[in-house]
Amino acid sequence: MATEGGGKEMNEIKTQFTTREGLYKLLPHSEYSRPNRVPFNSQGSNPVRVSFVNLNDQSGNGDRLCFNVGRELYFYIYKGVRKAADLSKPIDKRIYKGTQPTCHDFSHLTATAESVSLLVGFSAGQVQLIDPIKKETSKLFNEERLIDKSRVTCVKWVPGSESLFLVAHSSGNMYLYNVEHACGTTAPHYQLLKQGESFAVHTCKSKSTRNPLLKWTVGEGALNEFAFSPDGKFLACVSQDGFLRVFNFDSVELHGTMKSYFGGLLCVCWSPDGKYIVTGGEDDLVTVWSFGDCRVIARGHGHKSWVSVVAFDPYTTSVEESDPMEFSGSDEDFQDLLHFGRDRANSTQSRLSKRNSTESRPVSVTYRFGSVGQDTQLCLWDLTEDILFPHQPLSRARTHTNVMNATSPPAGSTGNSITTPGNSAPPPLPRSNSLPHSAVSSTGSKGSIADGAIASGVSKFATLSLHDRKDRHHEKDHKRNHSMGHISSKSSDKLNLVTKTKTDPAKTLGTPLCPRMEDVPLLEPLICKKIAHERLTVLIFLEDCIVTACQEGFICTWGRPGKVGLMSAPNQASSPGGTVV
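In this text the structure is predicted, and so the values were computed from the model without any measurement.

### A look at the nonpolar core
In step 1: Counting 23 residues, the largest nonpolar core has Leu166, Met174, Leu176, Trp216, Phe226, Leu235 and Phe249 as the members making the most contacts within it.
In step 2: Looking at this core, the elements that each hand over two or more residues are β12 (164-169), β13 (173-178), β15 (199-205), β16 (214-218), β17 (223-228) and β18 (234-239).
In step 3: With sequence-adjacent residues up to four places away left out, leucine 235 is seen in contact with Leu166, Met174, Phe226, Ala227, Phe228, Arg245, Val246, Phe247, Phe249 and Trp270.
In step 4: Judged by nonpolar contacts, the second largest core, of 22 residues, contains Leu27, Val50, Tyr74 and Val547.

Right under this line is the structure:
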């Protein structure tokens, strides 16, 4: 196998890599693509994206995947590490004219063997609701592009809801929709609901309930991606202006912010326990942000170009024993950790837990996350306790195997938000009646969002202004870097009341909003491998494999250690038309 070099040799593609868990291996027979397996000419196309859903059928083969390539959208049975891919028989295939699919998301709540709801966003701004099993197109939202004419950058179902979904656009706006409601025949009129530092939220003014229910205007330039916290209560958004903004979704309040080292932020993800957020972007870095402390706790440098996807691996988290004298904490923390140890195979939210423990019980947790980028490289990272808790006594410090610079952040760096002491997240704010846990009532959902937000929102402007004063001078400027040249101008919507004060980025650098490189630990990747010829656009961690995809339209499966041997015979999987299994 070729040694790692400067990345210039095109044949230097890796097909396996080793970490502390063992050997990860590319499974060529589990590669998904267009049926003809021809590399897609990706010039000028939207990124290839992949969505998964499990239909919970009795056959044990309930996984389905959807991916977009250019103007095409495919829906396949995903056989993972068990059987070879059969590309000759997509369950559904669609080719679009005049617009391209850009992103998609399955409803996991309603998926069955007979029906599945899939949202698809498009380059011209529309959102389609389809059922690829029934081969039906049930609804088209923003059909006349009266709500937003710009590209859809991210679409997701609201956690816990069967009817609500959120859509982000390159205009910098987000819209909350209800699948049960129609869009109007004229452009919507809005009424201000909440305004804060660099964001505003409006409700839709109309005699009858119609979409969108809410309009969020966030930052400047495109809103590149958003992600809901595991409990569904918070929303993390990353924008082309280089800011991460974390909102309480129900009360529409800003919880905290972070600024990239330079350039736009392109991707964001939450740790499975909701305690940490990782971002990636045009500064070629991955940045780890503490939700409880509202501050940057580490950066990772391994990519040679923009980072396009970040994701936590909930299935690879080490729980280690060490000197009993090293730990202190609460009974609740320890019980959580014991629960973690017992239920490691359960859902992602129960899989991770708090790190500290009591009764001198020695348990520590290491988070694993990954990133892929336009440099065609996959990086894996470990977030260890010496990074998470840098102020512990020397006897508690972990080894710094994968830390290039373990300088701890200044003791006074508490971020730019009002938070509770310690590492625990602030107590949850009052929630509206049905969001996001109500999964049934469509009209009730709308009413509770708007009414609840108005009731709790207007009275909380004083709280917001107190927060705003603290970071007023940290306001962004996203135009100093050459990589920002393609930013679209803001929507000409007259109701966009977002403050846009420009400041020198040097005033942001060196503050808790954007610490200097020497002020936070710099992580080194566990592995950094070139795995594709074209830029990487997908990274998904599944229980028995890792899924990656590149802009040529190839979706690759990497078997986890010990899982590769489960693959059944490929049966002519090398034939161009795919395999009938």
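On we go.
### Some details on the sheet that holds strand β34 (residues 555-559)
In step 1: An order of β1-β2-β34-β33-β32 is seen for the five strands of this open sheet, with the pairing classed as antiparallel. Pairing within the sheet leaves two strands with one partner each, and these edge strands are β1 (16-19) and β32 (536-541). Mean inter-strand twist for the sheet, computed between neighbouring axes without regard to direction, equals 20 degrees.

### Here we look at the pairing of strand β19 (residues 243-248)
In step 1: Along β19, six of the six residues are buried, which leaves the element largely enclosed by surrounding structure.
In step 2: Of the two faces of β19, the one carrying Phe243, Arg245 and Phe247 and the one carrying Leu244, Val246 and Asn248 are both buried.
In step 3: Two strands pair when backbone bridges link them, and β18 and β19 are joined in this way by five bridges, in the antiparallel orientation. Across the sheet, phenylalanine 234 pairs through a bridge with asparagine 248, a residue of β19.
In step 4: Where β19 meets strand β20 (residues 253-259), six bridges bridge the pair, whose relative direction is antiparallel. Bridging across to β20, valine 246 finds its partner in glycine 256.
In step 5: Hairpin connection, β19 to β20: the antiparallel pair is bridged by four residues, and valine 252 has positive phi, about 50 degrees.

### A short note on the sheet that holds strand β14 (residues 189-196)
In step 1: Taken in spatial order, the six strands line up as β11-β12-β13-β16-β15-β14 in an open sheet, and their pairing is antiparallel. Each having just a single partner strand, β11 (152-157) and β14 make up the two edges of the open sheet. On average, adjacent strands in this sheet sit at an angle of 20 degrees to one another, irrespective of strand direction.
In step 2: Relative to β13, β12 is paired through five bridges, and the arrangement is antiparallel.

### Notes on the UniProt feature "repeat: WD" (unreviewed entry) in the chain
In step 1: Look at the UniProt record and you will see "repeat: WD" (unreviewed entry) annotated at residues 258-290.
In step 2: Note that residues 258-290 is 0% helix and 61% strand, and that its end C-alpha atoms are spaced 10 Å apart.

### Observations concerning unusual backbone geometry
In step 1: Put simply, asparagine 211 and proline 212 share a cis peptide bond, and its omega is 0 degrees.
In step 2: Inspection of the secondary structure assignment puts proline 212 in the loop between β15 and β16.
In step 3: Not every positive phi belongs to a glycine, and lysine 135 is a case in point at roughly 60 degrees.
In step 4: At aspartate 284, a residue that is not glycine, the phi angle is positive and equals roughly 65 degrees.
In step 5: Its location among the elements puts aspartate 284 in the loop between β22 (276-281) and β23 (285-290).
In step 6: The class of aspartate 284 is buried, set by a relative accessible area of 18%.

### Some details on the pattern of salt bridges
In step 1: The final tally for this structure, using the stated rule, is ten salt bridges.
In step 2: A salt bridge links aspartate 92 to arginine 94, with the shortest nitrogen-to-oxygen separation between them at 2.9 Å. As far as the burial class goes, aspartate 92 and arginine 94 line up, both buried.
In step 3: One salt bridge in this structure joins arginine 245 and aspartate 241, with 3.0 Å as the shortest N-O distance.
In step 4: A relative accessible area of 2% places arginine 245 in the buried class.

### Focus: the packing of aromatic side chains
In step 1: Taken as a whole and judged by the stated rule, the model has 26 aromatic pairs.
In step 2: With a centroid separation of 5.1 Å and 90 degrees between ring planes, the pair formed by phenylalanine 228 and phenylalanine 249 is classed as edge-to-face. Of this pair, phenylalanine 228 sits in strand β17 while phenylalanine 249 sits in the loop between β19 and β20; the two residues are 21 residues apart in sequence, bridging distant segments of the chain.
In step 3: When its relative accessible area of 11% is taken as the criterion, phenylalanine 228 is described as buried.
In step 4: Measuring from ring centre to ring centre gives 5.6 Å for tryptophan 270 and phenylalanine 291, while their planes differ by 50 degrees; the resulting arrangement is tilted. A residue pair is termed long-range when its members are at least 10 positions apart, and tryptophan 270 in strand β21 (residues 265-270) and phenylalanine 291 in the loop between β23 and β24 (295-301) qualify at 21 residues. With respect to burial, tryptophan 270 and phenylalanine 291 carry one shared label: buried.
In step 5: These aromatic residues form a ring-pair network of at least three members: Tyr32, Phe52, Phe67, Tyr74, Tyr76 and Tyr78.

Parameters at a glance
Residues numbered from 1 in each chain as written. Predicted model: local features only at pLDDT ≥ 70, side-chain atom pairs only at ≥ 80, totals over all residues. Heavy atoms only, no water. Core = buried A, V, L, I, M, F, W, Y, C linked by side-chain atoms within 4.5 Å. Buried < 20%, exposed > 50% of the residue type's maximum accessible area, 1.4 Å probe, protein only. Helix = DSSP H or I, 4+ residues; strand = E, 2+ residues; numbered from the N terminus. Contact = heavy atoms within 4.5 Å. Pairing = 2+ DSSP bridges. Axes fitted to C-alpha atoms, helices over the stretch in contact; angles between N-to-C directions. UniProt positions renumbered as here; feature names shortened; annotations may be inferred. Salt bridge = Lys/Arg side-chain N within 4 Å of Asp/Glu carboxyl O. Phe/Tyr/Trp six-rings, centres within 6.5 Å; stacked < 30°, edge-to-face > 60°.

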